[in-house]
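Secondary and tertiary structure notes
Here is how the chains run, residue by residue.
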Amino acid sequence: MAALRGALIGCGFFAVNQMHAWRDIDGASIVAICDRDPERLRIVGDQFGIERRYSDAAEMFAGETLDFVDIATTVGSHRPLVEMAAANCVPVICQKPFAPTLADAKAMVKACADAGVSLMVHENFRWQSPIQAVRAVVDSGEIGRPFFGRISFRSAYDVFSGQPYLATGKRFIIEDLGIHILDIARFLLGDVSNLTARTARVNPDIAGEDVATMLMDHEGGAISVVDCSYATKLATEPFPETLIELDGSDGTIRLAQGYRLTVTGKSGTTVSDVSPPLLSWASRPWHNIQESVVAIQKHWVECLNADKEPATSGADNLKTFALVEAAYAGAANRQPVRIDDLL
Ligand code: NAD
Ligand code: 89V
């Protein structure tokens, strides 16, 4: 089968990981790139040997024959670019956060559905190998029926040096990072019916909230706590590890700092190291995230070739995005939010 011809829009901080991943994946290659910043276009074009370069996405769609487009710009441009892909009948991957609002996200899903093009949100955290390892244990039935989960991300890592825009938005940790952790909660425990949230801003130098605590009812009966902080100074900085506690009717799972997975279940207790591999182009501590980028992009190629809906399709991601909206609304009025009312 001929390799799928892809184009990348947005050649910034994170797109470099996506470009490395595309280079590692058989069956797809990036044939054109686009960025409105000529310096970023030059840096990424030269690094990855891409000759076909555009400063305008509309010109790129007009000038290229593409099997898919990979949008790695920041959130403000996601809706027009996804709608442009749909109008050109080009299947599309869009970075998280998918949209500024749930109404925008719904319109983007509809535009792609109406055009009959596949849409995947680059929601990669659930593709991290330690998270996949936890899900495999749940699926094995070893701990029985999960009734409680705590999915936790607490850190004081300086994310602002690489991504300065994170310091300036009115929304910060839930929209940027919590969205991943809420998606992991859905991935492990299923869809959510109700959410209660509290937020705080500890760092006085940023505009948005940097601490969020959420309590959720899952439709299958489990309860989870999702807690996120960028104001938590620890003896050993855990960034970017997500720590997990799951209690089930027959046992427990603990994913602890240092990628240590302890399972106590029907067959006793096992402790294993589920550290992600360090890919040749990856760098610690980002290697966990970097490996998941390869995994989600491989999944996209498999889905496109098999005409299958991706795990984090636009439609699926609306259910994660609704949790983000619910968390902000619920934290503002200190009331629980019913998720069905948003979808
Ligand atoms: P960035 O600002 O470094 O890069 C964005 C690039 O897009 C810039 O070079 C900018 O010039 C370009 N751009 C913006 N609008 C454009 C348009 N209309 N046409 C062409 N180019 C345009 O941002 P970043 O830190 O790389 O983040 C990009 C996205 O990736 C964000 O949505 C962010 O949340 C997400 N992200 C995801 C992960 C993850 O693990 N999934 C990690 C970091 C960032
Ligand atoms: O994964 C992300 O979306 C990043 C970071 C881990 C820094 O929050 O923005």
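Heads up: the structure comes first, above all this text.
The numbers attached to residues start from 1 for each chain and follow its sequence in the written order. In the order they appear in the text, chains get letters beginning with A and ligands get numbers beginning with 1. Under the rules for a predicted model, residues below a pLDDT of 70 receive no local features and side-chain atom pairs below 80 are neither given nor counted, while totals for whole chains, interfaces and linings still include all residues. Only hydrogens and water are set aside when side-chain values are computed; all heavy atoms of the structure are taken into account.

A word on helix 1 (residues 15-24)
Under the convention used in this document: Only protein chains enter the accessibility calculation, which uses a 1.4 Å probe. A residue is then buried if its area is under 20% of the maximum for its type, exposed if over 50%, and partly exposed in between. Comment: elements are numbered from the N terminus, with helices defined as DSSP H or I runs of at least four residues and strands as E runs of at least two.
Most of helix 1 sits out of view: eight of its ten residues are buried. For helix 1, every residue scored as buried is listed here: Ala15, Val16, Asn17, Gln18, Met19, His20, Ala21 and Trp22.

Re the packing of helix 4 (residues 78-87) against helix 5 (residues 102-115)
Just so we agree on the cut-off: Note on geometry: axes are lines fitted to C-alpha atoms, helical ones only across the stretch in contact, with angles between N-to-C directions running from 0 to 180 degrees. Working rule for angles: under 35 degrees goes down as roughly parallel, over 145 as roughly antiparallel, 65 to 115 as roughly perpendicular, anything else as oblique. Residue contacts are counted whenever heavy atoms from the two residues lie within 4.5 Å of one another. Here the term charged refers only to Asp, Glu, Lys and Arg, the term nonpolar to Ala, Val, Leu, Ile, Met, Phe, Trp, Tyr, Cys and Pro, and the term polar to all other amino acids, Gly among them.
Where helix 4 contacts helix 5, the axes come no closer than 9 Å and their chain directions differ by 10 degrees. Taken together, helix 4 and helix 5 sit at an angle that is classed as roughly parallel. Side by side, helix 4 and helix 5 meet where His78, Arg79, Val82, Glu83 and Ala86 of the first sit next to Asp104, Ala107, Met108, Ala111, Cys112 and Ala115 of the second. Residues of the contact of helix 4 with helix 5, tallied by class, amount to seven nonpolar, one polar and three charged.

Quick notes on the site of ligand 2
Applied cut-off: Working definition: residue near molecule or strand if any one of its non-hydrogen atoms lies within 4 Å of it. Two N or O atoms form a polar contact when they lie within 3.5 Å of each other; inside protein one atom must be a possible hydrogen donor and the other a possible acceptor, and for residues adjacent in sequence the pair counts only when both atoms belong to side chains.
Inspection of the region around ligand 2 gives Lys96, Phe125, Val159, Gln163, Asp176, His180, Tyr230, Trp286 and Ile289 as its neighbouring residues. One nitrogen or oxygen atom from the side chain of Lys96 is found 2.6 Å from an oxygen atom belonging to ligand 2. One of the side-chain N or O atoms of Gln163 is found 2.9 Å from an oxygen atom in ligand 2.

Focus: the side chain of Thr232
By secondary structure assignment, the location of Thr232 is in the loop between strand 10 (223-229) and strand 11 (243-248). If we ignore the near neighbours within four places in the chain, the residues touching Thr232 are Arg154, Ser155 and Ala156.

Topic: the pairing of strand 11
The following threshold applies: By the convention used here, strands pair only if DSSP detects at least 2 bridges between them.
Pairing between strand 7 (residues 146-154) and strand 11: six bridges, direction antiparallel. Its bridge partner lying in strand 11, Pro146 is registered against Gly248. In sequence, strand 11 turns back onto strand 12 (residues 251-256) through a hairpin of two residues.

Considerations on the sheet that holds strand 7
Taken in spatial order, the nine strands line up as 14-13-12-11-7-10-9-8-15 in an open sheet, and their pairing is mixed. Edge positions in the sheet fall to strand 14 (268-273) and strand 15 (337-338), since each has one partner strand and no second. Pairing between strand 11 and strand 12: five bridges, direction antiparallel. Each residue of the ladder has a partner; that of Glu245, found in strand 12, is Arg254. Docked against the sheet, helix 6 (residues 129-140) engages strand 7, strand 11, strand 12 and strand 13 (260-265), running at close to 175 degrees with respect to strand 12.

Observations regarding the pattern of salt bridges
Here is the rule we go by: Counted as salt bridges are all cases of a side-chain nitrogen of Lys or Arg within 4 Å of a carboxyl oxygen of Asp or Glu.
As enumerated under the stated definition, the model contains 23 salt bridges in all. Residue Arg52 pairs with Glu64 through a salt bridge whose shortest N-O separation is 2.6 Å. Here the residue Arg52 occupies a position in strand 3 (residues 52-54), and Glu64 occupies one in the loop between helix 3 (57-63) and strand 4 (68-71), the gap between them amounting to twelve residues. A salt bridge links Arg79 to Glu83, with the shortest nitrogen-to-oxygen separation between them at 2.8 Å. On the criterion of helical spacing, the pair formed by Arg79 and Glu83 is a turn pair, its members being four residues apart in helix 4. On the basis of relative accessible area, Arg79 is assigned to the partly exposed category, the value being 29%.

Comments concerning the site of ligand 1
Just so we agree on the cut-off: Here, Shrake-Rupley sampling with a 1.4 Å probe gives the accessible areas, and only protein chains in the shown set may cover a residue.
Near ligand 1 lie 25 residues; those nearest to it are Phe14, Asp35, Lys96, Asn124 and Tyr165. One of the side-chain nitrogen or oxygen atoms of Asp35 is found 2.6 Å away from an oxygen atom of ligand 1. In this structure, Thr73 approaches ligand 1 through a main-chain N or O atom, which is 3.3 Å from an oxygen atom. Relative to its unbound accessible surface of 850 Å², ligand 1 loses 88% to contact with the protein.

Details of the packing of aromatic side chains
Here is the rule we go by: In this analysis, rings of Phe, Tyr and Trp, with Trp reduced to its six-membered ring, are considered paired at centre separations within 6.5 Å, and the interplanar angle assigns stacked below 30 degrees, edge-to-face beyond 60, and tilted for intermediate values. Should the NZ of a Lys or the CZ of an Arg lie within 6 Å of a ring centre and within 35 degrees of the ring normal, that charge is described as sitting over the ring.
Applying the stated rule across the entire model yields ten aromatic pairs. On the numbers, 6.2 Å between centres and 70 degrees between planes, the contact of Phe68 with Trp300 is edge-to-face. On the criterion of sequence distance, the pair formed by Phe68 in strand 4 and Trp300 in helix 8 (residues 287-306) is long-range, its members being 232 residues apart. Trp300 shares its class with Phe68; the two are buried. Here the aromatic rings of Phe239 and Trp286 are separated by 5.1 Å at their centres, their planes lie at 70 degrees, and the arrangement is edge-to-face. You can see Phe239 sitting in the loop between strand 10 and strand 11 and its partner Trp286 sitting in the loop between strand 14 and helix 8, a full 47 residues away along the chain. Just as Phe239 is buried, Trp286 falls in that class too. Through a chain of ring-to-ring contacts, three or more aromatic side chains come together here, namely Phe13, Phe153, Tyr157, Phe160, Phe172, Tyr230, Phe239 and Trp286. Arg135 extends its terminal NZ or CZ atom over the ring of Phe187, reaching a point 4.7 Å from the ring centre.

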